[in-house]
Amino acid sequence: MPIRKLTTTVLFGVIVWMVFGLGPEANSPKKVRKQVFGKTSRGETVELYRLTNSKGMEATIITYGGIIVALKVPDRNGKAGDVALGFDSLEGYLKGHPYFGAIIGRYGNRIGKGRFSLNGVEYTLARNDGDNHLHGGIKGFDKVVWKSKQSTGQGGPALELFYLSKDGEEGYPGNLSVTVTYTLTEANELRIDYQATTDKDTVVNLTNHSYFNLAGQGEGDILRHRVMINADRFTPIDSGLIPTGELRSVDGTPFDFRQPCAVGERIGVDDQQLEFGKGYDHNFVLNGSVGTLRLAGRVSEPASGRVMEVLTTEPGVQFYSGNFLDGTLRGKGDKVYQRRYGFCLETQHFPDSPNKPAFPSVVLKPGARYQTTTIYRFLIASKE
Ligand code: GLA
């Protein structure tokens, strides 16, 4: 009898051990898997990395553009859904697209007239957005193949990406050595750490351009998503989407997201700023101190119960409501991306800062280190 009892106890122990993942890897899939995704037209191999945690979240990132190609996040029933817009194959990305999931640099967002002066020298950049320079130029950091290294740091499975942007690339001064680290934590956070050093004075503003739809990619527009942005002010723009230099209070405007508000609620009102942006395409001046990781915004989607929080050390965030999506792109699973099928929250320095001395400086000098962090954290809405 004692022997039988012992056997039962041991058996029970083994079952508990297996089910709750105290041992076997299968039950604790905090890992990184790697495979080849394809080749660029220049013959460079593009790798795909899949980061998984034990909470049902998965982030898939490729070395071309450091693009987040998929982000699987559980809904309120525990069912995982892909909340990031993108393509199934490398060809989709190579054909050209509006920066889906990509790392943006050397300067994210716009630089007016594609020029700026630094230490009395004028630098000329590509004008790839009407009269202006956008997202690093013709071949920005979103279109280069990054070197990669996987790691399983303390925070969770991680992918480190490296790129050396040569002196003069896209018109920018200085050799810029960039490291971007994606970490998937057990708290369902995708953490992005950006670092850079230079050998000459230059300007830097790195971000990620993921388009989210918390109902699932391709599942309709984002107008019912409720958005909160932790900003008392925003930077109004001219008709070319270049900030005028003013920091305007959001008070009494359709840009007041201090209390959660559905994207669609005020997007159609008669407002010159919304007209210029064709909807929301504006930089918000985040409250709190720059350099400190703090809440920038929170977005919730009522049907799925998914909530995304954005935390950042950056001074600003571009809220873009996918106004330029127009149904011409066919994405993952053959989904057609119609107008406003995705939104972006691009954490950043303010647009056109190199030409706006009153904005926080974007100058990086030799010997200094550019270092910023942004976290996309996924939660489930608490029942009301
Ligand atoms: C940024 C810009 C938008 C648009 C998209 C890409 O978010 O602010 O105006 O150019 O990129 O389509």
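See the structure printed just above.
Residues numbered from 1 in each chain as written. Predicted model: local features only at pLDDT ≥ 70, side-chain atom pairs only at ≥ 80, totals over all residues. Heavy atoms only, no water.

A. Looking closely at the pattern of salt bridges. Applying the stated criterion to the full structure yields 23 salt bridges. Ionic pairing is found between Arg-50 and Glu-58, a salt bridge with its closest N-O pair at 3.4 Å. With a relative accessible area of 24%, Arg-50 lands in the partly exposed category. The class for Glu-58 is buried, based on a relative accessible area of 16%. With its nearest N and O atoms 2.7 Å apart, the salt bridge here joins Asp-352 to Lys-356. Overall, the relative accessible area of 3% leaves Asp-352 in the buried class. Given a relative accessible area of 15%, Lys-356 falls into the buried group. (Salt bridge = Lys/Arg side-chain N within 4 Å of Asp/Glu carboxyl O. Buried < 20%, exposed > 50% of the residue type's maximum accessible area, 1.4 Å probe, protein only.)

B. Quick look at the sheet that holds strand β17 (residues 226-229). Spatially, the nine strands line up as an open sheet ordered β11-β12-β13-β14-β29-β23-β22-β17-β20, and their pairing is antiparallel. Looking along the sheet, the strands with just one partner apiece sit at the ends: β11 (147-153) and β20 (261-262). One ladder, built from seven bridges, connects β11 with strand β12 (residues 156-165); its direction is antiparallel. Note that in β12 the partner of Thr-152 across the bridge is Pro-157. (Pairing = 2+ DSSP bridges. Helix = DSSP H or I, 4+ residues; strand = E, 2+ residues; numbered from the N terminus.)

C. Representation of the side chain of Thr-202 within the structure. By the element assignment, Thr-202 lies in strand β15 (residues 202-203). Among the residues examined, Thr-202 registers a relative accessible area of 0% and is labelled buried. At a separation of 2.9 Å, a polar atom in the side chain of Thr-202 contacts the side chain of Arg-106. Within the structure, the side chain of Thr-202 is placed 2.8 Å from the backbone oxygen of Pro-173, a separation counted as a polar contact. Apart from residues lying up to four places away in sequence, Thr-202 is in contact with Arg-106, Leu-118, Tyr-172, Pro-173, Leu-176, Val-362, Val-363 and Leu-364. (Polar contact = N/O pair within 3.5 Å; in protein donor to acceptor, adjacent residues only side chain to side chain. Contact = heavy atoms within 4.5 Å.)

D. Quick peek at the nonpolar core. Residues Leu-71, Phe-284, Phe-319 and Phe-378 are the most contacted members of the largest nonpolar core, which totals 58 residues. If you tally residues by element for this core, the top one is strand β13 (residues 176-184), at five residues. Beyond its immediate stretch of four places on either side in the chain, Leu-71 contacts Met-57, Glu-58, Ala-59, Gly-81, Asp-82, Val-83, Ala-84, Leu-190, Phe-212 and Phe-378. Grouped together as the second largest cluster of nonpolar side chains are 22 residues, Phe-37, Leu-48, Val-69 and Leu-134 included. (Core = buried A, V, L, I, M, F, W, Y, C linked by side-chain atoms within 4.5 Å.)

E. Local environment of the environment of Asp-232. As for its placement among the helices and strands, Asp-232 is situated in strand β18 (residues 231-235). On the basis of relative accessible area, Asp-232 is assigned to the partly exposed category, the value being 33%. With 122 residues separating them in the primary sequence, Asp-232 and Pro-354 have C-alpha atoms 23 Å apart. With residues near it in sequence (within four places) discarded, Asp-232 still touches Arg-248, Ser-249, Val-250, Arg-258, Val-285 and Asn-287. A distance of 3.3 Å separates the side chain of Asp-232 from the side chain of Arg-258, its partner in a polar contact.

F. View of the site of the ligand. Around the ligand, 13 residues are found, and the nearest of them are Arg-110, His-135, His-209, Asp-281 and Glu-346. With respect to the ligand, the side chain of Arg-110 contributes an N or O atom lying 2.7 Å from an oxygen atom. Notes on the ligand: free accessible area 300 Å², of which the protein chains cover 95%. For the shell around the ligand, the class distribution of residues is seven nonpolar, three polar and three charged. (Near = heavy atom within 4 Å. Areas by Shrake-Rupley, 256 points an atom, 1.4 Å probe, with all protein chains shown as cover. Nonpolar A, V, L, I, M, F, W, Y, C, P; charged D, E, K, R; others polar.)

Honestly, it's all geometry; don't read function into it.
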